Amino acid sequence: MSSLQLNDDLSALDYVRPEYLRELQLARLQKTVRHAYERVGLFRSRMEALKLTPEDIRSLDDLSRLPFSAKVDLRDTYPFGLFACPKSEIVRLHASSGTTGKPIVVAYNEHDIQVWAEVVKRNLASVGLTRNDLIQVSYGYGLFTGGLGAHYGAEALGATVIPTSGGNTKRQVMLMRDFGTTGICCTPSYFIFMIEQALANGIDLRDLPLRVGVFGAEPWTNEMRQRIESGAGIKAYDIYGLSEIIGPGVAIECPCQNGLHILEDHFYPEIINPETGEVLPDGEFGELVLTTLTKEAMPMIRYRTRDLTRIISEPCACGRTLRRIARISSRSDDMFIIRGVNVFPSQIESALLSVKGTLPHYQIVLYTEKGMDNIEVDVEISESLFSDQVRELETLHQQLSSAIESVIGIRIKVKLVAPNTIQRSEGKAKRVLDHREK
Ligand code: DLL
């Protein structure tokens, strides 16, 4: 147990001894595999094809013998094919639209809803929120897991919940000021929009009691964090999760802001080489694969998230013993190849925001030129710079092109655009416009 003082809101499991945790994980894994094998046709047939039974899982290492699952499995069995309990036991459905075709549907029974509230509660406690906080939930409420997930967690913490959902930003800011909101949960891109809307209405968020932001559901960089923290006078923390596994609540940063602690007693992480499926040791970069250890209505075994990161197993200064994942820099399907070079949107974001004078509003446009994929980055710059001398603009343009080149290795087209030209987001931002000829 850590020497840190545990207050009522922190779970002892955040500080559990690794040997005990591994034992707990194995017992839970065995139970989950048996449950999925007995109740879900797809898991059973895949295990049978490999001549495996639940009894073959004798250690955590045996997990790597089990087959992967992926988003396509949820699509192929749409809507209810992966449910592992009778419909009468299911108390909630959520869905995620994804990029193409039909949504994927996820289910919770009463126990799962309790687990979800508990993990999000632990997440919020991890960033210093307590029952004395007023937490505004500005993730969308609805089929998206963000709103209700944060809501139940904040309520379990005993905080005062302000369920504003996304949208109606001017009103959000008014309520934030009038109620004295101290914690906010929303996407980082939406919060950037709130800062801007507040200023347009004469409100500086730095003057309000707001002190903590819990931002996730989309990739964002440390440069974006700096813009948020200085623009609003708060601490901005990264929260990670996905519908297929539970929603928000899978992992969160702690006050050290150096990796996200995975709630390993509920979600077992592996990192694999996305091309070969080989399991990689802690510290190596690859695709995150998650196995639920306590979900009943829809257990997921070795779910390929497509999110790219690495596991950090070194001890964290906060005292939590749960391993961390590095910030999710990108999804494997977000990558594009320009002139033979692999480019991730997050690389462009950090380069753009490292240059003074840019606003945190940008868009990446992909297009086809002479039969080749090409890229243009549009970035807003401040009003004062925009109306400045041509020479100043040229200097900024130069700086931006060089900043991007130093990160991705090639020179690409950068366009400086006036403030308010790029569409604002109230949920997950759409950073990439793909106009390529297919
Ligand atoms: O976005 C759940 C969530 C809600 C997480 C609120 C955090 C806060 P989905 O809509 O199913 O679920 O999208 C999941 O979003 O696989 C990642 O690619 C991405 N994502 C989620 N959190 C982060 C993050 C919710 N902190 C997909 N950093 C995931 C980077 C994230 N990407």
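Since the model is a prediction, treat every value here as computed from it, not as a measurement.

(A) Structural view of the side chain of D204. Looking at where D204 falls in the secondary structure, it is placed in the loop between α7 (188-200) and β6 (212-216). Under the relative-accessibility criterion, D204 is labelled buried at 19%. A distance of 3.0 Å separates polar atoms of two side chains, one belonging to D204 and the other to R206.

(B) Fine view of unusual backbone geometry. Of note, the amide linkage connecting Y78 to P79 takes the cis form, showing an omega dihedral of -5 degrees. With respect to the helices and strands, P79 occurs in the loop between α3 (71-76) and β1 (90-96). Positive phi, normally seen in glycine, also occurs at N168, with a value near 50 degrees. Considering the arrangement of structural elements, one finds N168 in the loop between β4 (160-162) and α6 (169-179). One non-glycine residue with positive phi stands out, namely R306, at about 70 degrees.

(C) Quick look at the sheet that holds strand β8 (residues 247-252). Strand order across the open sheet formed by 9 strands is β4-β3-β5-β6-β7-β8-β9-β15-β14, with mixed pairing between neighbours. With partners counted over all chains shown, the strands left at the sheet margins are β4 and β14 (311-312), one partner each. Of the strand pairs in this sheet, strand β3 (residues 134-137) and β4 are connected by 3 bridges, and their pairing is parallel. Opposite I135, over in β4, you have V161 as the bridge partner. Of the strands in this sheet, β3, β4 and β5 (183-186) touch α6, which is tilted by about 175 degrees from β3. Contacts between α7 and the sheet are confined to β5 and β6, with β5 contributing the most and set at about 125 degrees to the helix.

(D) The arrangement of the confidence of the model for the protein chain in detail. On average, the protein chain scores 95 in pLDDT, and the residues at 70 or more come to 97%. Under a pLDDT of 50 for its full length, residues 1-5 has, in the predicted model, 9 contacts with residues more than four places off or in other chains.

(E) Fine view of the site of the ligand. In the region of the ligand, 22 residues are neighbours, and D238, I239, S243, D307 and K428 sit closest. Taking S243, its side chain carries an N or O atom lying 2.5 Å from an oxygen atom of the ligand. Note that an oxygen atom of the ligand is positioned 3.1 Å from one of the side-chain N or O atoms of R331. When the free accessible area of the ligand is taken as 600 Å², the share hidden by the protein chains comes to 93%. Of all the secondary-structure elements, those providing two or more residues to the shell around the ligand are α5 (145-157), β7 (235-242) and β8. When residues in the shell around the ligand are grouped by element, the largest group, 5 residues, is from β7.

(F) Structural context of the environment of H111. Turning to its location among the elements, H111 is positioned in helix α4 (residues 110-126). For H111, a relative accessible area of 29% translates into the label partly exposed. Those residues in contact with H111 that lie beyond four places of it in its chain are T294 and E296.

(G) The arrangement of the packing of α7 against helix α8 (residues 222-232) in detail. It is at 10 Å that the axes of α7 and α8 come closest, and there the two elements cross at 35 degrees. For the crossing formed where α7 meets α8, the hand is left-handed. Where α7 approaches α8, its residues P188, F191, I192 and I195 are matched on the opposing element by M224, I228, G231 and A232. Per-class residue counts for the contact of α7 with α8 are 7 nonpolar, 1 polar and no charged.

(H) Structural context of α6. Every buried residue belonging to α6 is among T169, Q172, V173, L175 and M176, and all of these are buried. The buried residues of α6 occupy an angular sector of 160 degrees when projected down its axis, which confines them to one face. Contact partners of the buried residues in α6: β3, β5 and α7. Just downstream of α6, G180 is the residue with a positive phi angle, here 75 degrees.

(I) Highlighting α4. The terminal C-alpha atoms of α4, which comprises 17 residues, lie 24 Å apart, in line with the 24 Å expected from a rise of 1.5 Å per residue. Counting buried positions along α4 yields 13 of 17 residues, so the element is predominantly enclosed. For α4, the N-terminal capping position is held by N109, with its side-chain oxygen 3.1 Å away from the main-chain nitrogen of H111.

(J) How the structure looks around the sheet that holds strand β10 (residues 267-272). Spatially, β11-β10-β12-β13-β16 is the arrangement adopted by the 5 strands of the open sheet, whose pairing is antiparallel. Each edge of the open sheet carries a strand with a single partner, namely β11 (279-280) and β16 (330-331). Inspection of the sheet shows β10 paired to strand β12 (residues 286-292) by 6 bridges, in the antiparallel sense. Residue pairing in the sheet places I271 in a bridge with L288 of β12.

(K) A look at the environment of L157. Here L157 is to be found in helix α5. You can call L157 buried: its relative accessible area is 2%.

(L) Highlighting the pattern of salt bridges. This model, assessed by the stated rule, comprises 28 salt bridges. Note that D265 and R122 form a salt bridge whose closest N and O atoms lie 2.8 Å from each other. Note that D265 is positioned in the loop between β9 (260-262) and β10 and R122 in helix α4, a separation of 143 residues in sequence. Relative accessible area serves as the criterion here: at 0%, D265 is assigned to the buried category. By relative accessible area, which is 3% here, R122 ends up buried. Among the salt bridges present, the one from K413 reaches E376, with a minimum N-O distance of 3.4 Å. In this pair, K413 is assigned in strand β21 (residues 413-417) and E376 in strand β20 (residues 372-381), connecting sequence segments 37 residues apart. Of the residues examined, K413 reaches a relative accessible area of 47% and is grouped as partly exposed. In this structure, a network of salt bridges that share partners links the residues D14, R122, D265 and R320.

About the cut-offs
Residue numbers here run from 1 along each chain, matching the order of that chain's written sequence. The model is predicted, so local features are restricted to residues of pLDDT at least 70 and side-chain atom pairs to those at 80 or more, both for listing and for counting; the totals for chains, interfaces and linings are taken over all residues. By convention in this description, side-chain values take in all heavy atoms of the structure and omit both hydrogens and water. Under the scheme used here, helices are H or I runs from DSSP no shorter than 4 residues and strands are E runs no shorter than 2 residues, and both carry numbers assigned from the N terminus. In this scheme, a residue with accessible area under 20% of its type's maximum is buried, one over 50% is exposed, and one in between is partly exposed, where area comes from a 1.4 Å probe on protein chains only. We call two N or O atoms a polar contact when they sit within 3.5 Å, provided that within protein one can donate a hydrogen and the other can accept it, with sequence-adjacent residues counted only if both atoms are side-chain atoms. By the convention used here, strands pair only if DSSP detects at least 2 bridges between them. We call two residues contacting when some pair of their heavy atoms lies within 4.5 Å. To obtain each axis, a line is fitted to C-alpha atoms, and for helices this fit is confined to the stretch in contact; angles are then taken between N-to-C directions over 0 to 180 degrees. Per-residue confidence from the predictor is reported as pLDDT, a score between 0 and 100. We call a residue near a molecule or strand as soon as one heavy atom of that residue lies within 4 Å of the molecule or strand. Under the convention used here, a 1.4 Å probe and the Shrake-Rupley method define accessible areas, while residue burial counts only the protein chains that appear. Less than a right angle of anticlockwise turn of the near helix away from the far helix marks a crossing as left-handed, whereas a clockwise turn marks it as right-handed. Classes in brief: Ala, Val, Leu, Ile, Met, Phe, Trp, Tyr, Cys and Pro nonpolar; Asp, Glu, Lys and Arg charged; the others, Gly included, polar. Each C-beta atom gives one direction from the helix axis, and the arc is the one those directions make. Any helix carries an expected span of 1.5 Å times its number of residues minus one. A side-chain nitrogen of Lys or Arg and a carboxyl oxygen of Asp or Glu constitute a salt bridge if their distance falls within 4 Å.

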